[in-house]
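One letter stands for each residue in the lines below.
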Amino acid sequence: MVGGPGSGKATQCQRLAAKYGFHHLSMGRVLWDEACKLTTQGQQIRDIMLKGALVPSGFVIDLLNDNMLKNEGAKGFLIDGFPREINQAKDFEFIVSVMPPRAGLGRRLRPALLALPQDAPPTEAKDPGSLPDWALAMLQARRPPNMVIAFDCSTETMIQRLLLRGQTGHRADDQEAIIRQRLETYYSLCEPVVAYYHQNNLLRNIMGEESEDAIFAKCCSVINSLL
């Protein structure tokens with residue numbers, strides 16, 4: 001599920017997970033839970049999030065990988081708030097390509113990716129001969145998501161929703177100045193992600209301005225087309 005902060009991704013994922021028996025992973029929630037830990041990594045993530053900036057892919061991919069491995073027996077995954085930029089989208093396909101049935105290989109993904117040139121396609125390692133067989137197999141594999149649902153929602157609607165959520169005090173970054181910076185960061189990076197999934201015929205757009213029930217019905221219709 002992709003869309004700006006406050007577009008309704010988490011709300012719909014919670015309902016869809018209950019209906020279809022999928023495991024819901026909210027990357028915003030996962031990151032904020034990590035940010036609240038009294039660790040060096042937690043403090044780094046917290047500082048980044050309170051600036052409204054994008055958490056580096058290394059942190060995000062590692063946390064996503066760990067959470068998926070903890071629930072590797074799930075019927076399916078609903079991942080909201082991810083990917084936020086194009087390299088995350090591509091890295092994701094290689095993470096899930098090696099998870100079942102040997103999920104433990106997923107933990108070795110990061111070293112393999114670090115062996116690749118920073119901006120080159122993953123199949124073009126500088127020295128493929130230096131990689132182990134499992135890594136070479138992974139580099140040739142791709143497993144895109146079954147579907148990507150994009151929620152289209154106006155900036156002002158998202159801001160108002162997040163400010164309302166902020167009144168409950170659940171997240172320290174639900175403040176207007178931080179929200180606007182988060183939205184600016186999102187818009188600057190989302191276009192290549194949306195284009196990537198559109199080119200791969202995976203994208204389904206849903207208007208996020210309607211009632212919660214109307215949006216849920218459309219999400220169900222889209223998912224049912226895959227079942």
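These numbers were taken from a predicted model, which means no experiment stands behind them. (Residues numbered from 1 in each chain as written. Predicted model: local features only at pLDDT ≥ 70, side-chain atom pairs only at ≥ 80, totals over all residues. Heavy atoms only, no water.)

Student: Describe the pattern of salt bridges, with residues and values.
Tutor: Overall, the coordinates contain seven salt bridges when judged by the stated rule. Of the charged contacts in the structure, one is a salt bridge between E34 and K37, with a shortest N-O distance of 3.1 Å. The salt bridge partner of E156 is R180, with a shortest N-O separation of 3.6 Å. With E156 in helix α8 (residues 155-166) and R180 in helix α9 (residues 176-199), this residue pair connects regions lying 24 residues apart in the sequence. For R180, a relative accessible area of 38% corresponds to the partly exposed category. Salt bridges sharing partners connect three or more residues here, namely R15, E212 and D213. (Salt bridge = Lys/Arg side-chain N within 4 Å of Asp/Glu carboxyl O. Helix = DSSP H or I, 4+ residues; strand = E, 2+ residues; numbered from the N terminus. Buried < 20%, exposed > 50% of the residue type's maximum accessible area, 1.4 Å probe, protein only.)

Student: With reference to specific residues and values, describe the environment of I45.
Tutor: Its place among the elements puts I45 in helix α3 (residues 40-49). By relative accessible area, which is 0% here, I45 ends up buried. For the pair I45 and W32, spaced 13 residues apart in the sequence, the C-alpha separation amounts to 8.0 Å. Those residues in contact with I45 that lie beyond four places of it in its chain are L31, E34, A35, V55, F59 and L63. (Contact = heavy atoms within 4.5 Å.)

Student: Account for the packing of aromatic side chains, naming residues and giving values.
Tutor: Inspection of the entire model under this criterion finds four aromatic pairs. In this structure, R15 packs its charged tip against the face of F216, placed 4.1 Å from the ring centre. Lying over the aromatic face of Y20, K19 brings its terminal NZ or CZ to 5.5 Å of the ring centre. (Phe/Tyr/Trp six-rings, centres within 6.5 Å; stacked < 30°, edge-to-face > 60°. Lys NZ or Arg CZ within 6 Å of the ring centre and 35° of its normal.)

Student: How would you explain unusual backbone geometry if you had to name every residue and give the values?
Tutor: The amide bond that connects F82 to the next residue, P83, takes the cis arrangement and shows omega of -5°. Inspection of the secondary structure puts P83 in the loop between β2 (77-80) and α5 (86-97). Its identity is not glycine, yet N201 carries a phi of approximately 55°, on the positive side.

Student: Account for the nonpolar core, with residues named and values stated.
Tutor: One finds I45, V55, L64, I79 and F82 to be the most contacted residues of the largest nonpolar core, which totals 20 residues. Within the residue set of this core, elements represented by two or more residues are α2 (27-35), α3, α4 (57-70) and α5. For this core, the leading source of residues is α4, giving six residues. (Core = buried A, V, L, I, M, F, W, Y, C linked by side-chain atoms within 4.5 Å.)

Student: Please set out the packing of α2 against α3 residue by residue, giving values where relevant.
Tutor: Axis separation between α2 and α3 bottoms out at 7 Å; the angle between their running directions is 120°. With respect to α3, the axis of α2 lies oblique. Between α2, through G28, L31, W32, E34 and A35, and α3, the contact on the second element is made entirely by Q41, G42, I45, R46 and M49. (Axes fitted to C-alpha atoms, helices over the stretch in contact; angles between N-to-C directions. Parallel < 35°, antiparallel > 145°, perpendicular 65-115°, else oblique.)

Student: Help me get a handle on the state of the cysteines, residues and values and all.
Tutor: Applying the stated rule across the entire model yields zero disulfides. As a non-bridged cysteine, C219 has C220 as the owner of its nearest cysteine sulfur, 6.9 Å distant. On the basis of relative accessible area, C219 is assigned to the buried category, the value being 0%. (Disulfide = S-S within 2.5 Å.)

Student: Go over the side chain of D80 with me, naming the residues and quoting the values.
Tutor: The topology assignment puts D80 in strand β2. Although D80 is buried, it makes no salt bridge; K9 carries the closest opposite charge, 5.0 Å away. Within the structure, D80 has its side chain in polar contact with the side chain of H24 (distance 2.4 Å). Ignoring any residue separated from it by four or fewer positions in sequence, one finds D80 in contact with M1, K9, A10, C13, H24, L25, S26 and M27. (Lys, Arg positive; Asp, Glu negative; His and termini not counted. Polar contact = N/O pair within 3.5 Å; in protein donor to acceptor, adjacent residues only side chain to side chain.)

Student: Can you tell me about α8, naming the residues and giving the values?
Tutor: For α8, with 12 residues, the first-to-last C-alpha span of 16 Å sits near the 16 Å given by 1.5 Å per residue. Within α8, the full set of buried residues consists of M158, I159 and L162. One side of α8 holds all its buried residues, which, seen down the axis, span an arc of 100°. Residues of α8 that are buried in the fold lie against α9. (Expected span 1.5 Å × (residues − 1). Arc of directions from axis to C-beta.)

Student: Can you break down α9 residue by residue, with the values?
Tutor: Relative to the 34 Å expected for 24 residues at 1.5 Å per residue, α9 spans 34 Å between its end C-alpha atoms, a close match to the ideal helical length. Considered for burial, the residues of α9 that qualify are I178, I179, R182, L183, T185, Y186, C190, V193, Y196 and Y197.

The values reported here are purely geometric and, on their own, carry no functional implication.
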